[in-house]
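# Structural description and commentary
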Amino acid sequence: QVQLVESGGGLVQAGGSLRLSCAASGNILSINVLAWYRQTLGKQRDLVARITNNDNTNYGDSVKGRFTISRGNAKNTVYLQMDSLRPEDTGVYYCYANLRSGYLLSNNYWGQGTLVTVSS
């Protein structure tokens, strides 16, 4: 079974930085998309950043210029560098992947989430 495991969350003051990591494991044939989503204070889960297998990126408007998504040297790793953090960034951050894992069709997978808390 495919698993996505996040790390790097924690408590940081406003204006500070954190880097989140996500590693996918299992019988993975290919990865189409890796992304980060977050859920804050009862809101719906929102896209933070997305990167494709050809390194095209997309960002949510509220994080443009502050966050950077990148693929690791290992194909199954993705990072989210978060700078100039604001209290409004507080929430649970989830790693997402669309990939093929031995079945004919691609499927969506989610990590368990990592908590980011930004204090003012």
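Below: a short report on this structure. From a predicted model like this one, the values you see are computed outputs, not experimental measurements. (Residues numbered from 1 in each chain as written. Predicted model: local features only at pLDDT ≥ 70, side-chain atom pairs only at ≥ 80, totals over all residues. Heavy atoms only, no water.)

### Examining the overall build of the protein
Along its length, the protein carries zero helices and 11 strands. Taken from the N to the C terminus, the helices and strands of the protein come in the order β-β-β-β-β-β-β-β-β-β-β. Its C-alpha radius of gyration of 14 Å places the protein within 12% of the 14 Å reference for a compact globule of 120 residues. If you line up the protein on its principal axes, its C-alpha atoms span 45 × 25 × 25 Å. Expressed as a percentage of its 120 residues, the buried residues of the protein come to 40%. Put simply, of all contacts in the protein between residues at least 6 apart along the chain, 55% involve residues at least 24 apart. Accessible surface, the protein: about 6800 Å² in total, of which carbon and sulfur atoms supply 44%. With 11 positive and 7 negative side-chain charges, the protein shows a separation of 7 Å between the mean positions of the two kinds. (Helix = DSSP H or I, 4+ residues; strand = E, 2+ residues; numbered from the N terminus. Rg over C-alpha atoms; globule rule 2.2 N^0.38 Å. Buried < 20%, exposed > 50% of the residue type's maximum accessible area, 1.4 Å probe, protein only. Contact = heavy atoms within 4.5 Å. Areas by Shrake-Rupley, 256 points an atom, 1.4 Å probe, with all protein chains shown as cover. Lys, Arg positive; Asp, Glu negative; His and termini not counted. Charge placed at Lys NZ, Arg CZ, Asp CG, Glu CD.)

### Some remarks on the pairing of strand β10 (residues 107-110)
Pairing of strand β9 (residues 91-100) with β10, which is carried by four bridges, proceeds in the antiparallel orientation. Looking across to β10, one finds that Y96 is bridged to W110. Taking the residues that link successive antiparallel strands as the turn, the β9-β10 hairpin has six residues, and the phi of G102 there is positive, at about 110°. (Pairing = 2+ DSSP bridges.)

### Comments concerning the pairing of strand β7 (residues 67-71)
The pairing of β7 with strand β8 (residues 77-82) spans five bridges and is antiparallel. From the neighbouring strand, T68 faces β8, where its bridge partner is Q81. Turn length for the β7-β8 hairpin, with the two strands adjacent in sequence and antiparallel, is five residues.

### Overview of the sheet that holds β8
One key point about sheets: their strands pair by backbone hydrogen bonds, in either a parallel or an antiparallel sense. Sheet architecture is open: four strands sit in the order β1-β3-β8-β7, paired in antiparallel fashion. Of all the strands in the sheet, the pair left with one neighbour each is β1 (3-7) and β7. Direction aside, neighbouring strands of the sheet carry axes that sit 15° apart on average. The pairing of β1 with strand β3 (residues 18-25) spans five bridges and is classified as antiparallel. (Axes fitted to C-alpha atoms, helices over the stretch in contact; angles between N-to-C directions.)

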